[in-house]
Amino acid sequence: MTKNSSSGRAYCFTTALNRDERNEYREIRKILQEKDVKVLEIRIDDKIFLQNKMIELVGKKQLKTPQLFFNDTYIGDNLNMPEDELDSKIKELKKGTPKELKEVYETQKELFVVNPPVFYFPEPHDKKYNLKAILTNRTDKYCAYKLQTTQRDNFVVVPKRGYIEPLKSTEIKITQKEAPSKDQDLLFRIEIIQMPFIDNHFLMDLDKLFDKKDRKISKQLIRCNTKDPLPEHLVLINETKIRIADTVDVNEEKDTSSDDEKTATTTPTPTESTPSKPTKQKKIEQVDDELTTMTESSDSEDDADNILQQTVRDEKDEQREKEKNDEALKTLNELHDLQKEYHILKNQYEEILKEKMVVDEQKQKALSLKTKVENDYSSLMKKYEAEKAKKQIVPKSEEGGFPLMMVIIVALLAFFIGNYFTK
């Protein structure tokens, strides 16, 4: 693959939080569009790593946006320069090739730095491989993460979810249990949620944290290689670090070339000599072109993202089905407990009804006894009045005592009342 001679780019660090600075960026973009130059925007809002990178590239601590670059060359915060000078810089722009700013632009949405950037699972695939990767949180916020894969039956990730403190790192281990499926692309994706803080409530149920629709989830795709390794690619196979160097060292190239010069006279013809190996720089450029093609191919990324989304949907469906089954089992257990409680309450209610019937019966007896006592008292009083009128007896109360009849009546009343309460 050959590089395009007009592969230069204009990059601009911008913000959407300041209206005046935003208008200045629009003015710069308008001028360059008239010159047939496309401006690629690097937005630094809420991303401390991009703010630090801008300060590092410009060389000043206190900066405002916009900050314009032609390829990797700093231009300034405006285009206040003569027309011929601007045209000259644009010509140099179209001849050059960006390197550092290109990487910053392509990774500006990635909240994590993943090392290695490409997961390599070499052949033969009938063996188990362990790959260790480092996830680095390059933001100034806590980040909860969840790692997904399109082939979760073939690979085990430990830990699959967790959180990383600001500007800290964590290590994950990926184990290949079975050979990667040829019917489906092998891809990994990290889902990331930025949090102001992390407490035990979040740690206990990170899955529900990612299921909330109001959460802003950043998605970061990790590519995989199951065939040829990338140059200078470091992998960990069965706890052993292996550096796969698919390039030729510069010193070795010099020595080889000198040996070729010494033995040139013994070579019969140029056609019989072995073809020279590509240099290290060419190899790196070739891989860089291939990675650029992979990055700029939106269709392939969409397909990969669709595969991951389908995998995530399948996992969520399984999780929902499991939750439904657990909820049904929990409901059945609760129903069983309610039935037991109902029988207990029913028995208690029946006992209360029996006691109430006994109380009502005793109350009825007491009322009957009271009526009888009142009737007897009334009858006695009538007899007493009759006897009093007949014999014209003066009551003892008038002489300071009580008549015999009154004593008898009181005694009878006390007897009946005591007998009632005794029962």
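First things first, this report covers the structure right here in the doc. Everything numeric in this text was worked out from a predicted model, so none of it was measured.

### Considerations on the overall build of the protein chain
The helix and strand inventory of the protein chain stands at ten helices and 15 strands. Classification of the 423 residues of the protein chain by burial places 29% in the buried group. Sequence-distant contacts in the protein chain: of pairs separated by 6 or more residues, those separated by 24 or more amount to 72%.

### Some words on unusual backbone geometry
Note the cis peptide between Thr65 and Pro66, where omega equals 5°. Mapped onto the secondary structure, Pro66 falls in the loop between α2 (48-58) and β3 (67-70). Note that the residue after Val158, namely Pro159, is joined by a cis bond; omega there is -5°.

### Points about the pairing of strand β8 (residues 142-149)
Burial analysis of β8 places seven of its eight residues in the buried class, the great majority of the element. In the sheet, β8 pairs with strand β12 (residues 188-195) via eight bridges, with the strands oriented antiparallel. Paired with Lys146 across the bridge in β12 is Glu191.

### Some details on the side chain of Asn130
Residue position: Asn130 is located in strand β7 (residues 129-137). For Asn130, a relative accessible area of 14% corresponds to the buried category.

### Topic: the sheet that holds strand β1 (residues 10-14)
Spatially, β2-β1-β3-β4 is the arrangement adopted by the four strands of the open sheet, whose pairing is mixed. The strands lining the two open edges of the sheet, one partner per strand, are β2 (39-43) and β4 (73-76). With strand direction ignored, the average angle separating the axes of adjacent strands in the sheet is 30°. Both β1 and β2 contribute to a ladder of five bridges, which runs parallel. Looking at β2, one finds that Cys12 is bridged to Glu41.

### A closer look at the nonpolar core
The biggest cluster of nonpolar side chains holds 33 residues, and the ones touching the most others in it are Phe112, Phe119, Ile174, Phe188 and Ile190. The element best represented in this core is α2, accounting for four residues. Residues in contact with Phe119, not counting those within four places in the same chain, are Val114, Leu131, Ala133, Ile174, Phe188, Ile222, Arg223, Cys224 and Asn225. One finds Cys12, Ile28, Leu32 and Leu68 within the second-largest nonpolar core, a separate group that totals 14 residues.

### Remarks on the packing of aromatic side chains
Considering all chains together, one arrives at nine aromatic pairs under this definition. Between Phe119 and Phe188 the ring centres are 5.4 Å apart and the planes differ by 70°, which places this aromatic pair in the edge-to-face class. In this pair, Phe119 sits in strand β6 (residues 118-120) while Phe188 sits in strand β12, placing the two residues 69 residues apart along the sequence. No difference in accessibility class separates Phe119 from Phe188, as the two residues are buried.

### Describing the sheet that holds strand β10 (residues 161-164)
As summarised here, the arrangement of the five strands in space is β6-β13-β12-β8-β10, forming an open sheet in which the pairing is mixed. Each of the sheet's edge strands pairs with one partner strand only, and the pair in question is β6 and β10. Along the sheet, successive strands turn relative to each other by an average axial angle of 30°, direction set aside. The pairing of β8 with β10 spans four bridges and is classified as antiparallel. When the sheet's bridge partners are listed, Lys146 is paired in β10 with Arg161.

Cut-offs applied
Residues numbered from 1 in each chain as written. Predicted model: local features only at pLDDT ≥ 70, side-chain atom pairs only at ≥ 80, totals over all residues. Heavy atoms only, no water. Helix = DSSP H or I, 4+ residues; strand = E, 2+ residues; numbered from the N terminus. Buried < 20%, exposed > 50% of the residue type's maximum accessible area, 1.4 Å probe, protein only. Contact = heavy atoms within 4.5 Å. Pairing = 2+ DSSP bridges. Axes fitted to C-alpha atoms, helices over the stretch in contact; angles between N-to-C directions. Core = buried A, V, L, I, M, F, W, Y, C linked by side-chain atoms within 4.5 Å. Phe/Tyr/Trp six-rings, centres within 6.5 Å; stacked < 30°, edge-to-face > 60°.

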